[in-house]
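# Understanding the architecture of this molecule
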Amino acid sequence: MEDILSRLKSGPVIVADGAMGTMLQAAGLPTGMSPEGWLLENPKPVRDVHQAYIEAGADMILTCTFGGTRARLEHSRLAEQVSEINRRAVKIAREAAAGRAYVVGDIGPLGKLLAPLGTFTYDQAVEVFTEQATALAEAGVDGLYIETMSDLNEMRAAIQGVHQAAPEVPIFATFSFDRHGRTNMGVRPEQAAETLLS
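I will try to describe carefully the structure that is included in this document. None of the values given here were measured: they were computed from a predicted structure.

## Topic: the packing of aromatic side chains
Evaluated as defined, the whole model comprises two aromatic pairs. A centroid spacing of 6.2 Å and a plane angle of 35° characterise the contact between Tyr 145 and Phe 172, whose relative ring orientation is tilted. Residue Tyr 145 is found in strand S3 (residues 143-149), and its partner Phe 172 is found in strand S4 (residues 171-175); the two are separated by 27 residues along the sequence. There is no split in this pair, since Tyr 145 and Phe 172 are both buried.

## Quick notes on the layout of surface pockets
Of the pockets and cavities examined, the largest pocket occupies roughly 220 Å³. Lining the largest pocket are Met 155, Arg 156, Ile 159, His 163, Pro 167, Val 169, Pro 170, Ile 171, Ala 173, Thr 195, Leu 196 and Ser 198. The element contributing the most residues to the lining of the largest pocket is helix H8 (residues 152-165), with four residues. Here the lining of the largest pocket is built from residues that sort into eight nonpolar, three polar and one charged. Of the pockets and cavities examined, the second largest pocket occupies roughly 160 Å³. Taken together, 14 residues form the lining of the second largest pocket, with Met 20, Gly 21, Thr 63, Phe 66 and Asp 106 sitting closest to its centre.

## Notes on H8
With 14 residues, H8 should reach 20 Å at 1.5 Å per residue; the first-to-last C-alpha distance of 20 Å fits that figure. Of all the positions in H8, only Leu 152, Glu 154, Met 155, Ala 157, Ala 158, Ile 159, Gly 161 and Val 162 are classed as buried. In this structure, the buried side of H8 is in contact with strand S2 (102-107), helix H7 (122-138), S3, S4 and helix H9 (189-197). Sitting at the head of H8, Asp 151 places a side-chain oxygen 3.0 Å from the backbone nitrogen of Asn 153.

## Comments concerning a nonpolar patch on the surface
A cluster of nonpolar side chains, contributed by Leu 113, Leu 117 and Met 185, occupies part of the molecular surface with about 290 Å² of accessible area. Mapped onto the secondary structure, Met 185 falls in the loop between S4 and H9.

## Concerning the packing of H8 against H9
In the contact formed by H8 and H9, the axes pass within 11 Å of each other and the chain directions differ by 25°. Taken together, the axis directions place H8 and H9 in an arrangement best described as roughly parallel. In this structure, the crossing between H8 and H9 has a hand that is right-handed. Taking contact as the criterion, the partners of Leu 152, Met 155, Arg 156 and Ile 159 in H8 are, on H9, Gln 191, Ala 192, Thr 195 and Leu 196. The residue makeup of the contact of H8 with H9, split by class, is five nonpolar, two polar and one charged.

## Let's talk about the side chain of Thr 65
Here Thr 65 is to be found in the loop between strand S1 (60-62) and helix H5 (70-73). Reaching out from Thr 65, the side chain makes a polar contact with the side chain of Thr 63 at a distance of 2.6 Å. Residues within four places of Thr 65 in sequence aside, it is in contact with Glu 36, Asn 86, Ala 89, Gly 105, Asp 106, Ile 107, Gln 132 and Leu 136.

## Some thoughts on the environment of Tyr 102
Looking at where Tyr 102 falls in the secondary structure, it is placed in strand S2. Contacts of Tyr 102, omitting those with residues within four sequence positions, involve Met 1, Glu 2, Asp 3, Ile 4, Arg 7, Ile 14, Asp 59, Met 60, Ile 61 and Asp 142. Polar side-chain contacts of Tyr 102 include one of 2.7 Å to the backbone oxygen of Glu 2.

## Overview of the packing of H7 against H8
Where H7 contacts H8, the axes come no closer than 7 Å and their chain directions differ by 45°. One way to sum up the angle between H7 and H8 is to call them oblique. Once H7 is placed against H8, the crossing between them reads as right-handed. Contact residues: Tyr 122, Ala 125, Val 126, Phe 129, Thr 130, Ala 133 and Thr 134 in H7; Asn 153, Glu 154, Arg 156, Ala 157, Ala 158, Gln 160, Gly 161, Val 162, Gln 164 and Ala 165 in H8.

What counts, and where the lines are drawn
Residues numbered from 1 in each chain as written. Predicted model: local features only at pLDDT ≥ 70, side-chain atom pairs only at ≥ 80, totals over all residues. Heavy atoms only, no water. Phe/Tyr/Trp six-rings, centres within 6.5 Å; stacked < 30°, edge-to-face > 60°. Helix = DSSP H or I, 4+ residues; strand = E, 2+ residues; numbered from the N terminus. Buried < 20%, exposed > 50% of the residue type's maximum accessible area, 1.4 Å probe, protein only. 1 Å grid on protein atoms, 1.4 Å probe; cavity = no way out; pocket = protein on both sides within 12 Å on 5 of 7 lines; lining within 4 Å. Points joined across faces, edges and corners; volume = space filled by probe spheres on them. Nonpolar A, V, L, I, M, F, W, Y, C, P; charged D, E, K, R; others polar. Expected span 1.5 Å × (residues − 1). Contact = heavy atoms within 4.5 Å. Polar contact = N/O pair within 3.5 Å; in protein donor to acceptor, adjacent residues only side chain to side chain. Patch = residues over 30% accessible without salt bridge, like charges linked within 9 Å, V, L, I, M, F, W, Y side chains within 5 Å. Areas by Shrake-Rupley, 256 points an atom, 1.4 Å probe, with all protein chains shown as cover. Salt bridge = Lys/Arg side-chain N within 4 Å of Asp/Glu carboxyl O. Axes fitted to C-alpha atoms, helices over the stretch in contact; angles between N-to-C directions. Parallel < 35°, antiparallel > 145°, perpendicular 65-115°, else oblique. Left-handed = near helix turned anticlockwise from the far one by under 90°.

If you want it as structure tokens, here you go:
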């Protein structure tokens with residue numbers, strides 16, 4: 001397969017996969033357990049979800065790492081397994097893709113408010129995102145997908161962390177907007193676009 005940026009510039013539209021968490025719940029993920037922790041002992045259901053999306057026509061699959069930062073994993077007492085979890089998720093996705101789809105590392109929000117609204121500092125956020133992005137990049141993803149953000153500063157921290165970890169890896173960045181065209185932090189699409197282009 002050609003690299004993902006070349007495909008985006010010259011090829012047809014890239015079709016991405018869909019939800020992971022709800023699919024895993026249907027496959028037996030226990031209520032309250034993180035998918036990232038479950039995949040260590042149960043790789044087959046995760047692999048099966050990836051394969052189902054590829055068979056449905058997905059050209060790009062996201063690793064099962066939406067909550068794979070130290071900040072999110074500490075809720076499941078898995079903070080010390082950030083590298084292991086993220087690397088394992090890439091391996092599972094690669095096995096499922098078998099050269100038929102791009103494997104992109106999924107990076108979700110921290111689940112914490114950044115200062116001044118919360119106690120988590122910008123520098124702490126950069127450090128946490130860098131740790132996850134490093135593991136994903138070293139495991140061999142085709143890109144990094146920062147998703148479902150609502151805070152401009154958190155997105156900036158995520159992008160900075162990814163650049164520090166893997167400056168050569170393509171970045172995809174998305175915000176989550178409500179029906180009124182704002183994120184839950186009040187960010188409008190044009191503000192998000194201006195931030196990402198600056």
